[in-house]
Amino acid sequence: MGDVLLCKDRDGVRTLTLNRPERRNALDARLWVELADALRALKRDRDVRVLVLTGAGGAFCSGADIGTGEQIHPRYKLDRLTDVALALHELAIPTIAKVTGIAVGAGWNLALGCDLVVATPESKFCQIFSKRGLSVDLGGSWLLPKIVGLQQAKRLVLLAEMISADEAHALGLVTWVKPADEIDAFVDGITGRLAGGPPFALAQSKALLNDGANATLREALANEARAQPGNFATADSGEAYAAFAAKRDPEFTGAWSLYDTNEE
């Protein structure tokens, strides 16, 4: 991983930091590719239980870097965005966007692609596309209506208004707003709780919620009925009951633990 994308692992939490502070972490061709590769690699790493996505230098991400003058077909450029959006959405582990400073355009939709968003009061958000003569991308047309409803999504995209962290929080686009000097410790606390949770069960619940957003109640109930037996086949289910009985904290591993029914 290069210097435009920093990677840090600690206690089952991987932090990926967009590191182009001189461009407010705008995503250029190299950063798009490195980010997609890093997200895909996470699918194969069972030691990582939580992802934190953030930006260096007091900004989250100012969107796609449109000032590079790269001479390739625009469709190939958009393929890079698709790779990142899908890789992030398809991660089984919980994902958190830690937003300081601005998150605009594709940068904001990158944050919205995470499961949870933590921002500072100084953070600003904008679906800036129309001001650049562009239409919404990086999944914004899918994410925004699901989170805020169709009318508010149209307002945010068509008017391209810059909104505050407090308004984003009121709309459900930010999960928590924390002071800048507290946000690191707060995110550490949330990631610690998630990393200590039952990894298979959390992955199942995340998938069920994502699928349930587009399902009927009958379909959602059927999905839940198919998913739950998989949890019973892990050591975590028994560990949860044992810990409750012993009045201690459980230690979840996600290990597979099928009993041999032929044993007496």
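Residues numbered from 1 in each chain as written. Predicted model: local features only at pLDDT ≥ 70, side-chain atom pairs only at ≥ 80, totals over all residues. Heavy atoms only, no water.

Attention now goes to the domain arrangement of the protein. In terms of domains, the protein is made up of domain 1 (5-195) and domain 2 (198-246). Once you take the C-alpha centre of each, domain 1 and domain 2 turn out to be 27 Å apart. Contacts between domain 1 and domain 2 engage eleven residues on the former and seven residues on the latter. Between domain 1 and domain 2, roughly 640 Å² of surface is buried when both sides are summed, and carbon and sulfur atoms account for 50% of that area. If you look at where domain 1 meets domain 2, you find one salt bridge. Residue D115 pairs with K206 through a salt bridge whose shortest N-O separation is 2.9 Å. Among the residues forming the side of domain 1 that touches domain 2, the class breakdown is six nonpolar, two polar and three charged. (Domains from an automatic or database assignment. Contact = heavy atoms within 4.5 Å. Buried area = accessible area lost by both parts, 1.4 Å probe. Salt bridge = Lys/Arg side-chain N within 4 Å of Asp/Glu carboxyl O. Nonpolar A, V, L, I, M, F, W, Y, C, P; charged D, E, K, R; others polar.)

Mapped onto the fold, G63 is located in the loop between β3 (50-55) and α2 (74-89). C-alpha of G63 to C-alpha of G107: the two residues are 44 residues apart in sequence and 4.2 Å apart in space. Excluding residues that lie within four positions of it along the chain, G63 makes contacts with N25, A26, L27, V104, A106 and G107. (Helix = DSSP H or I, 4+ residues; strand = E, 2+ residues; numbered from the N terminus.)

One pass over the structure, following the stated rule, counts 14 salt bridges. Where D188 meets R10, a salt bridge forms, and the shortest distance between an N and an O atom there is 3.3 Å. Taken as a pair, D188 in helix α7 (residues 183-195) and R10 in strand β1 (residues 5-10) lie far apart in primary sequence, 178 residues in all. On the basis of relative accessibility, which here comes to 39%, the residue D188 falls in the partly exposed class. Two residues, R23 and D65, come together in a salt bridge whose shortest N-O distance is 2.8 Å. Taken together, the positions of R23 in the loop between β2 (13-18) and α1 (29-42) and D65 in the loop between β3 and α2 put the pair 42 residues apart, joining distant regions of the chain. We classify R23 as partly exposed; its relative accessible area is 39%. Using a relative accessible area of 10% as the deciding quantity, one classes D65 as buried. What you see here is one network of salt bridges that share partners, running through R20, R23, D28 and D65. (Buried < 20%, exposed > 50% of the residue type's maximum accessible area, 1.4 Å probe, protein only.)

Taking strand neighbours across the sheet as the criterion, the three strands line up as β5-β7-β8 in an open arrangement whose pairing is mixed. Both outer strands of the open sheet, β5 (102-104) and β8 (162-164), are each paired with one neighbouring strand and no more. Direction aside, neighbouring strands of the sheet carry axes that sit 20° apart on average. (Pairing = 2+ DSSP bridges. Axes fitted to C-alpha atoms, helices over the stretch in contact; angles between N-to-C directions.)

Looking now at unusual backbone geometry. Even without a glycine there, the phi angle at N25 is positive, about 60°. Within the element layout of this structure, N25 appears in the loop between β2 and α1. Phi is positive for L138, which is not a glycine, with a value near 50°. Among the structural elements, L138 can be located in the loop between β7 (124-126) and α4 (140-148).

In this section: the sheet that holds β2. Sheet architecture is open: six strands sit in the order β1-β2-β3-β4-β6-β9, paired in mixed fashion. Because the sheet does not close on itself, it has two edges, and the strands there are β1 and β9 (176-177). Of the pairings in the sheet, the one linking β2 to β3 comprises six bridges and is parallel in character. Bridging across to β3, L18 finds its partner in G55. Along the sheet, α1 makes contact with β1, β2 and β3, crossing β2 at roughly 175°.

Another point: the packing of aromatic side chains. Taken as a whole, this structure holds two aromatic pairs when the rule is applied. Taking 5.4 Å as the distance between ring centres and 45° as the angle between the ring planes, the aromatic pair formed by W108 and F125 counts as tilted. Of the two residues, W108 sits in helix α3 (residues 106-112) while F125 sits in strand β7, which places them 17 residues apart along the sequence. In this structure, W108 and F125 share a single accessibility class: buried. Ring geometry for W176 versus F186: centroids 5.2 Å apart, planes at 70°, classification edge-to-face. Residue W176 is found in strand β9, and its partner F186 is found in helix α7; the two are separated by ten residues along the sequence. The partly exposed category is assigned to F186, whose relative accessible area is 21%. (Phe/Tyr/Trp six-rings, centres within 6.5 Å; stacked < 30°, edge-to-face > 60°.)

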